[in-house]
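# Inside the fold
Below are the chains, spelled out letter by letter.
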Amino acid sequence: MRTFLFLLMAAYIPASAQTTTPYLILKTTYAFPAAPQKIHETLVMYQGKQYTKGVYGSYGRGLALQLGIGKMLNSTFGFEMNAEFTLGRREHTSVSDKTDSLVAKTSDRVRGLIFKPMIVIRNSGDLMTIYTKVGLAISTATNRYETGDVRLITNSQGNQTTYESKEISKAKVGFAASFGLSFRVRESISVFVESNGQMLSLPFTKGHYTKYFENGVDKLPGMKISEKSWVYRRSGYFDETSDPNKPQPRLYEPANFSYIGIGAGIIYHF
């Protein structure tokens, strides 16, 4: 009897220790827009008329890679800290008139680092585990990159402007959650699939051109500060002539970064 109890305890202790040992997470997610909003627009002037075309969706759409570490406090409750790098899908828009005298093409994307502290709730299954995670999505080092190509042809003469720009976002806190299944394939390795998502908007505060060419000539070195940089404001007289030594003011509009995604990955149990 004593031998049986000893063997039972020996079998139980490693399993219990493994349940609460730290683990490493490697995950990839492909995200789809959640609550689509206007995220970009192309505005051009031609023959005294202004034409605008918008793009709607979310900058969160596309591929994201995640690395994290977690620890279960007991068989059902634990916590994780994840770092997610968003590659971002490039969003395109184009404008042209009926005679193709004017062609404007732009594209932009958001890349950033999102930290996600999460609370984990799961069942205590040995081979298959059902789990739910809820927590925060904290954006840091998040930038929006735009490229543009505008071609205007008048009287058989062409004019081409190409540019690239970068906008910087402040840190912002949103919400994140996921629901999934994990399967233990080896003593120290599990694989998982899940549905996940986040609710987050990005507060871009300022931007500047990183390249600006007209007919192949680099114009950026000779441009005034107001011509090559801008700041976002919530209100003001934006049609007034701006100070050439200060960035041009633009109307603030938060960028949608929410998504619903499908993820898969590997868990390594230490």
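Below: a short report on this structure.

Conventions adopted
- Residues numbered from 1 in each chain as written.
- Predicted model: local features only at pLDDT ≥ 70, side-chain atom pairs only at ≥ 80, totals over all residues.
- Heavy atoms only, no water.
- 1 Å grid on protein atoms, 1.4 Å probe; cavity = no way out; pocket = protein on both sides within 12 Å on 5 of 7 lines; lining within 4 Å.
- Points joined across faces, edges and corners; volume = space filled by probe spheres on them.
- Helix = DSSP H or I, 4+ residues; strand = E, 2+ residues; numbered from the N terminus.
- Nonpolar A, V, L, I, M, F, W, Y, C, P; charged D, E, K, R; others polar.
- Core = buried A, V, L, I, M, F, W, Y, C linked by side-chain atoms within 4.5 Å.
- Buried < 20%, exposed > 50% of the residue type's maximum accessible area, 1.4 Å probe, protein only.
- Contact = heavy atoms within 4.5 Å.
- Phe/Tyr/Trp six-rings, centres within 6.5 Å; stacked < 30°, edge-to-face > 60°.
- Lys NZ or Arg CZ within 6 Å of the ring centre and 35° of its normal.
- Salt bridge = Lys/Arg side-chain N within 4 Å of Asp/Glu carboxyl O.
- Patch = residues over 30% accessible without salt bridge, like charges linked within 9 Å, V, L, I, M, F, W, Y side chains within 5 Å.
- Areas by Shrake-Rupley, 256 points an atom, 1.4 Å probe, with all protein chains shown as cover.
- Pairing = 2+ DSSP bridges.

Of the voids in this model, the largest pocket is the one considered here, and its volume is about 1,300 Å³. Glu41, Leu43, Glu146, Tyr209 and Arg250 are, among the 38 residues lining the largest pocket, the residues nearest its centre. Going through the elements one at a time, β2 (37–46), β7 (102–122), β8 (128–154), β9 (157–169), β13 (204–214), β15 (229–233) and β16 (248–251) are the ones with two or more residues in the lining of the largest pocket. Top element by residues in the lining of the largest pocket is β2. It accounts for eight residues. When the residues that make up the lining of the largest pocket are grouped by side-chain class, the tally is 20 nonpolar, eight polar and 10 charged.

If you look at the biggest cluster of nonpolar residues, it comprises 21 residues, and the most contacted ones within it are Tyr59, Val110, Leu202, Phe204, Tyr209, Tyr212 and Phe257. Elements with a contribution of two residues or more to this core: β7, β13 and β15. Beyond its immediate chain neighbours, meaning those up to four positions away, Tyr209 contacts Tyr163, Glu164, Ser165, Leu220, Met223, Glu227, Lys228, Trp230 and Arg250. One finds Tyr23, Ile25, Val120 and Phe192 within the second-largest nonpolar core, a separate group that totals seven residues.

Per the stated rule, a full pass over the model turns up six aromatic pairs. Seen from their ring centres, Tyr268 and Phe270 are 5.5 Å apart, and the 90° between their planes marks the pair as edge-to-face. A relative accessible area of 39% places Tyr268 in the partly exposed class. Feature note: the residues Tyr163, Tyr209, Tyr212 and Trp230 constitute an aromatic cluster, connected by ring pairs. The ring of Phe204 is capped by Arg144, whose NZ or CZ atom sits 4.3 Å from the centre of that ring. Sitting over the ring of Trp230, Arg250 keeps its end group 3.9 Å from the ring centre.

Across all of its chains, the model carries five salt bridges by this definition. A salt bridge links Glu253 to Lys38; its shortest N-O distance comes to 3.5 Å. Residue Glu253 is found in the loop between β16 and β17 (255–256), and its partner Lys38 is found in strand β2; the two are separated by 215 residues along the sequence. Overall, Lys38 belongs to the partly exposed group, its relative accessible area being 27%. Across the pair Glu167 and Arg144 runs a salt bridge, and its minimum N-O distance is 2.5 Å. Residue Glu167 is found in strand β9, and its partner Arg144 is found in strand β8; the two are separated by 23 residues along the sequence. By relative accessible area, Arg144 is classed as buried at 11%.

Before going further, it helps to examine a nonpolar patch on the surface. A cluster of nonpolar residues, Leu26, Leu67, Leu127, Met128, Ile130, Phe179, Phe183, Val185, Val191, Val193 and Ile266, forms a patch on the protein surface that exposes about 970 Å² of accessible area. Those elements giving two or more residues to the nonpolar patch turn out to be β8, β10 (172–186) and β11 (189–199). No other element matches β10, which puts three residues into the nonpolar patch. Taking the relative accessible area as the measure of exposure, Leu67 reaches 46% and is therefore partly exposed.

Let's shift gears to the environment of Pro221. Relative to the elements of secondary structure, Pro221 occurs in the loop between β14 (217–218) and α2 (225–228). Spatially, the C-alpha atoms of Pro221 and Lys211 are 9.6 Å apart, while their sequence positions differ by 10 residues.

Another aspect to go through is the pairing of strand β18 (residues 259–269). Of the two faces of β18, the one holding Tyr259, Gly261, Gly263, Gly265, Ile267 and His269 is buried and the one holding Ile260, Ile262, Ala264, Ile266 and Tyr268 is not buried anywhere. Sheet topology note: the strand β1 (residues 23–33)/β18 ladder contains 11 bridges and is antiparallel. Considered in β18, the bridge of Phe32 is made with Ile260. Pairing between β11 and β18: 10 bridges, direction antiparallel. Directly across from Ser190, in β18, lies its bridge partner Ile267.

As far as function goes, none of this settles anything; it's purely spatial.
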